[in-house]
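Read off the chains here:
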Amino acid sequence: MTKKTVKTKLRPLVAGNWKMNGTGADMKQVRALVKTLSGNHRYACDTMICPPATLLSRLAALRTSLKASRKLALGGQDCHAAVSGAHTGDVSAEMLKEAGASAVIVGHSERRSDHGETDKQVKAKVEAAHRAGLTAIMCIGESLKQRKAGDTLKVVGKQLRGSLPDGCTASNTVIAYEPVWAIGSGLTPTVEQVAQVHLALRKALQRRFGEAGSTMRILYGGSVKPSNADELMAVPHVNGALVGGASLTARDFSGILAAYKA
Ligand code: PEP
């Protein structure tokens, strides 16, 4: 069977979220990834790794030494809303930018659950990202209980409204739809379920941001792996993926990028 290449109007983004994984020893995965991106194949997508903050500047330096600054973007995993101040353990968007990030994930469900982050706080982080000149990758998604109750669209619609400030554009904001129950579980929604949510999000973005809402990328995240990437990335209004576990090795991550092989 010939492999179908995913075609979409918007240039997709495949971003890897390393979460609290990765030390200097894992930089070899980025080296290998860059080798893939620099090889004979062309990928019709943007590619990003969001490592722990401790690795950002080291990976930025590695990327420069490999002459791969245009091939691989780097992102943070969270930021504080303030520029600086008495916030022990936190990192500001400006600090991430200085370390080499061009984007930052905000409102990931692990931040919302582990740290009790609210839509209002996530919105302030999106504003911080914009202030620093970073693209905010803003995450939303329903729990299994909410899905079973038939509340998915209501839940993600509320998160979208509450977590995005005015002034979002296609270049400063990316949405990531990540059903909480699909993250790290090996479970994924059906393509019909993904299509339903992404269409609803697209319409909501268009209502709120007009033309910008049509060109803002909406990523799917939750147990994306090489074996399901083709199918998930082919769903209308899925403009790429936010990948957790499968982004930790160059081999798996490249297998996902293959959905966009040109
Ligand atoms: C994530 O945490 O953003 C994620 C999508 O994780 P995983 O791919 O491991 O489900």
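The structure this text deals with has already been given above.
Residues numbered from 1 in each chain as written. Predicted model: local features only at pLDDT ≥ 70, side-chain atom pairs only at ≥ 80, totals over all residues. Heavy atoms only, no water.

Caption draft 1: Seen up close, the site of the ligand. Inspection of the region around the ligand gives 14 residues, with Lys-19, His-108, Glu-178, Gly-184 and Ser-223 positioned closest. Between Lys-19 and the ligand, the recorded distance is 2.5 Å, taken from a side-chain N or O atom to an oxygen atom. Within the complex, the protein chains bury 95% of what would otherwise be the 290 Å² of accessible surface of the ligand. Each residue belonging to the shell around the ligand can be placed in one class, and the counts come to four nonpolar, eight polar and two charged. (Near = heavy atom within 4 Å. Polar contact = N/O pair within 3.5 Å; in protein donor to acceptor, adjacent residues only side chain to side chain. Areas by Shrake-Rupley, 256 points an atom, 1.4 Å probe, with all protein chains shown as cover. Nonpolar A, V, L, I, M, F, W, Y, C, P; charged D, E, K, R; others polar.)

Caption draft 2: How the structure looks around the packing of helix H7 (residues 152–163) against helix H8 (residues 191–209). Their axes nearest at 10 Å, the elements H7 and H8 cross at an angle of 35 degrees. Taken as a pair, H7 and H8 cross one another with a handedness that is right-handed. Touching Thr-152, Leu-153, Val-156, Leu-160 and Arg-161 of H7 are Gln-196, Val-197, Ala-200, Leu-201, Ala-204, Leu-205 and Arg-208, all from H8. Looking at side-chain class alone, the contact of H7 with H8 contains eight nonpolar, two polar and two charged residues. (Axes fitted to C-alpha atoms, helices over the stretch in contact; angles between N-to-C directions. Helix = DSSP H or I, 4+ residues; strand = E, 2+ residues; numbered from the N terminus. Left-handed = near helix turned anticlockwise from the far one by under 90°. Contact = heavy atoms within 4.5 Å.)

Caption draft 3: Examining H8 more closely. Relative to the 27 Å expected for 19 residues at 1.5 Å per residue, H8 spans 26 Å between its end C-alpha atoms, a close match to the ideal helical length. Within H8, burial applies to Val-194, Val-197, His-198, Leu-201, Arg-202, Leu-205 and Phe-209. Taken around the axis of H8, the buried residues stretch over an arc of 140 degrees, which confines them to a single face. Exposed and facing more than 90 degrees away from the buried side of H8 are Glu-192 and Arg-207. Note on H8: the residue one or two positions beyond its end, Gly-210, has a positive phi of about 60 degrees. (Expected span 1.5 Å × (residues − 1). Buried < 20%, exposed > 50% of the residue type's maximum accessible area, 1.4 Å probe, protein only. Arc of directions from axis to C-beta.)

Caption draft 4: Layout of the environment of Lys-67. Note on placement: Lys-67 falls in the loop between helix H2 (53–65) and strand E3 (73–76). Taking relative accessible area as the criterion, Lys-67 reaches 74% and is therefore assigned exposed.

Caption draft 5: The arrangement of the sheet that holds strand E7 (residues 218–221) in detail. A barrel is described by the order of its strands in space; here eight strands give the closed sequence E1-E2-E3-E4-E5-E6-E7-E8, paired in parallel fashion. With strand direction ignored, the average angle separating the axes of adjacent strands in the sheet is 25 degrees. Judged from the five bridges that link them, strand E1 (residues 13–17) and strand E2 (residues 46–50) form a sheet pairing that is parallel. Each bridged residue has a counterpart across the sheet, and for Ala-15 the counterpart in E2 is Met-48. Contacts between helix H11 (residues 250–257) and the sheet are confined to E1, E2 and strand E8 (240–243), with E1 contributing the most and set at about 155 degrees to the helix. (Pairing = 2+ DSSP bridges.)

Caption draft 6: Up close: the pairing of strand E4 (residues 103–106). Both faces of E4 are covered, namely the face carrying Ala-103 and Ile-105 and the face carrying Val-104 and Val-106. Bridge count for E3 against E4 is two bridges, and the pairing is parallel. The partner of Gly-75 across the bridge, within E4, is Ala-103. Pairing of E4 with strand E5 (residues 135–140), which is carried by four bridges, proceeds in the parallel orientation. For Val-106, the partnering residue across the bridge sits in E5 and is Met-138.

Caption draft 7: How the structure looks around the pattern of salt bridges. In this structure the tally under the stated criterion is 12 salt bridges. Taking the shortest distance from any N to any O, the salt bridge between Lys-19 and Glu-110 comes out at 2.8 Å. Of this pair, Lys-19 sits in the loop between E1 and helix H1 (27–37) while Glu-110 sits in helix H4 (residues 109–114), and the two are 91 residues apart along the sequence. With a closest N to O distance of 2.6 Å, Arg-112 and Asp-119 form a salt bridge. No difference in accessibility class separates Arg-112 from Asp-119, as the two residues are buried. One salt-bridge network, in which partners are shared between bridges, spans Asp-78, Arg-111, Glu-117 and Lys-125. (Salt bridge = Lys/Arg side-chain N within 4 Å of Asp/Glu carboxyl O.)

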